[in-house]
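# Architecture at a glance
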Amino acid sequence: MDVMIIKGGTPLNGSVATSGAKNAALPLLFATLLAEGEHSFLNVPFLKDIDSTELLLNHLNCKTYRDGEQFKVLVKKPESIVAPYDIVRKMRASILCLGPLLARYGEAKVSLPGGCAIGSRPINLHIEPLRQLGAEIEIENGYVIARANKLVGDRIVFDFATVGGTENIMMAASLCQGETILENVAKEPEIVDLAQCLRGMGAKIEGEGSSVITIEGVDELTPANHRVIPDRIEAGTLLIAGAITGGDVKVTNCVPKDIDSLINKLVDCGFSIETGSDWVRVRPCAQWSAVDVDTAPHPGFPTDLQAQFMALMTQAKGTSVITERIFENRFMHVQELARMGANITPKSQVSVVRGEKGGLSSAPVMATDLRASASLILAALATDGETKVSRIYHLDRGYENLEVKLQGLGGQIERCS
Ligand code: EPU
């Protein structure tokens, strides 16, 4: 199993480009199930979660391959509409094949994803709206079994602005009979990207990026030809990497407005931030102040940057109160940061971080989930010693070559087997 060895203490400097967004690419690849033929995407990142998606699409009779910069999916009618447990358990986003399979082929059998490190993550907000569209859904032997002769549009009000739930229902509703109005939907940039891709496939969608999306169902869609948006969470992580080392880092190929909530917090901390049309630069700051953070659905502060921001707050002047409002168990990095000397008191959904510049020391630590791994690497960059981060396979699910990008900025980080 790979580990990451980080020698901290060097300010990062230079320019680094963001890759394509994992959380945009995953739903886009599942959207291909809505139309037979050859789909083509640009900017699909090289990630373990993309490999898992390919595995599932291959199981569903699709051929996936890279052709230069293009990522192609050749979709054929599946022989079986089953998404098996062995694939789904590796990646919860596999549930996103439910809506497309059901809408296109009238049936789907998708394994329940099972436990997750950061929270219970139920799928009721995927299932209930599909029932409202006319699907018959049973849970049997660990599988969601869904059938529908024809889905029919309806008005659906989500209890919570779920990202995956919104995506699954947008995809299903694109092939529904009649109009579907989705209210209280997620407004994340990944939702907007999916809507734009579906529109390119012939779907009639309006309102993405607002809390109401209207979809007029069509009889069939055509293959996609689409470029995946840049990864705002990776961009934010790289920006925090620059900040925590007191470095001067320009993150390019990103959409600054998609990380406004992070940029605003960094400015509140005292960092000087410059932005251009597709870049953000953080300048060196000798001592930054602690600020409070509450995670929230977009455009609020993303839960996917909470762990990384907490690492930054361990080095701030003062006390920061970090409240996690999306997932009930997303503080597992706290104990590992504490092993490095961080002074953090976690209580239910709130962590109180008492910052101290230079207060971290190196220690062997263990990654517990994707964003926690990034947080530990950032903390390690801020210590003077050598830190070993194990279970780095979590990182590989969602960051493309993070160590190579950090090395390019002068970071001393090596992957070892
Ligand atoms: N929820 C329900 N019922 C549902 C669905 C969600 O109660 O049917 C709850 C969840 O348990 C959670 C909250 O609603 O407490 C938010 O879940 P959401 O559905 O919005 O999240 P997701 O679609 O499962 C995506 C990202 C996550 C990101 C969240 C929130 C993908 C593939 N995953 O998950 O990304 O944290 O939205 O922004 O898009 C990551 O990249 O590290 C990651 C976890």
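These figures come from a predicted structure and were not determined experimentally.

### Digging into the overall build of the chain
Secondary structure summary: the chain contains 14 helices and 24 strands in total. For the chain, whose C-alpha radius of gyration is 21 Å, the value lies close to the compact-globule estimate of 22 Å for 417 residues. The buried share among the 417 residues of the chain stands at 58%. Across the chain, contacts joining residues at least 24 apart in sequence account for 73% of those joining residues at least 6 apart. Mean positive and mean negative side-chain charge positions of the chain (41 and 50 charges, respectively) differ by 3 Å.

### Some points on the layout of surface pockets
In this structure, the second largest pocket encloses a volume near 210 Å³. For the lining of the second largest pocket, the residue count by class is four nonpolar, five polar and four charged.

### Focus: the pattern of salt bridges
With the rule as written, the count across this model stands at 20 salt bridges. For Glu138, the salt bridge identified is with Arg147, shortest N-O distance 3.9 Å. The class for Glu138 is partly exposed, based on a relative accessible area of 35%. The salt bridge partner of Arg281 is Asp248, with a shortest N-O separation of 2.8 Å. With a gap of 33 residues between them, Arg281 in strand β17 (residues 279-282) and Asp248 in strand β15 (residues 248-252) connect regions that are remote in the sequence. Connected via shared salt-bridge partners are Asp2, Asp396, Glu403 and Arg415.

### Overview of the side chain of Arg92
Tracing the backbone through its elements, the reader meets Arg92 in the loop between α3 (85-88) and α4 (98-105). Looking at Arg92, its side chain comes within polar contact range of the main-chain oxygen of Arg121, at 2.5 Å.

### Here's the deal with the packing of aromatic side chains
Applying the stated criterion to the full structure yields two aromatic pairs. Ring geometry for Phe271 against Trp288: centres 5.1 Å apart, planes inclined by 35 degrees, an arrangement best described as tilted. You can see Phe271 sitting in the loop between α9 (260-269) and β16 (273-275) and its partner Trp288 sitting in the loop between β17 and β18 (293-294), a full 17 residues away along the chain. Overall, Phe271 belongs to the buried group, its relative accessible area being 4%. Taken together, a centroid distance of 5.4 Å and an interplanar angle of 70 degrees make the contact between Phe301 and Phe309 edge-to-face. Accessibility assignment for this pair places Phe301 and Phe309 in one class, buried.

Thresholds applied
Residues numbered from 1 in each chain as written. Predicted model: local features only at pLDDT ≥ 70, side-chain atom pairs only at ≥ 80, totals over all residues. Heavy atoms only, no water. Helix = DSSP H or I, 4+ residues; strand = E, 2+ residues; numbered from the N terminus. Rg over C-alpha atoms; globule rule 2.2 N^0.38 Å. Buried < 20%, exposed > 50% of the residue type's maximum accessible area, 1.4 Å probe, protein only. Contact = heavy atoms within 4.5 Å. Lys, Arg positive; Asp, Glu negative; His and termini not counted. Charge placed at Lys NZ, Arg CZ, Asp CG, Glu CD. 1 Å grid on protein atoms, 1.4 Å probe; cavity = no way out; pocket = protein on both sides within 12 Å on 5 of 7 lines; lining within 4 Å. Points joined across faces, edges and corners; volume = space filled by probe spheres on them. Nonpolar A, V, L, I, M, F, W, Y, C, P; charged D, E, K, R; others polar. Salt bridge = Lys/Arg side-chain N within 4 Å of Asp/Glu carboxyl O. Polar contact = N/O pair within 3.5 Å; in protein donor to acceptor, adjacent residues only side chain to side chain. Phe/Tyr/Trp six-rings, centres within 6.5 Å; stacked < 30°, edge-to-face > 60°.

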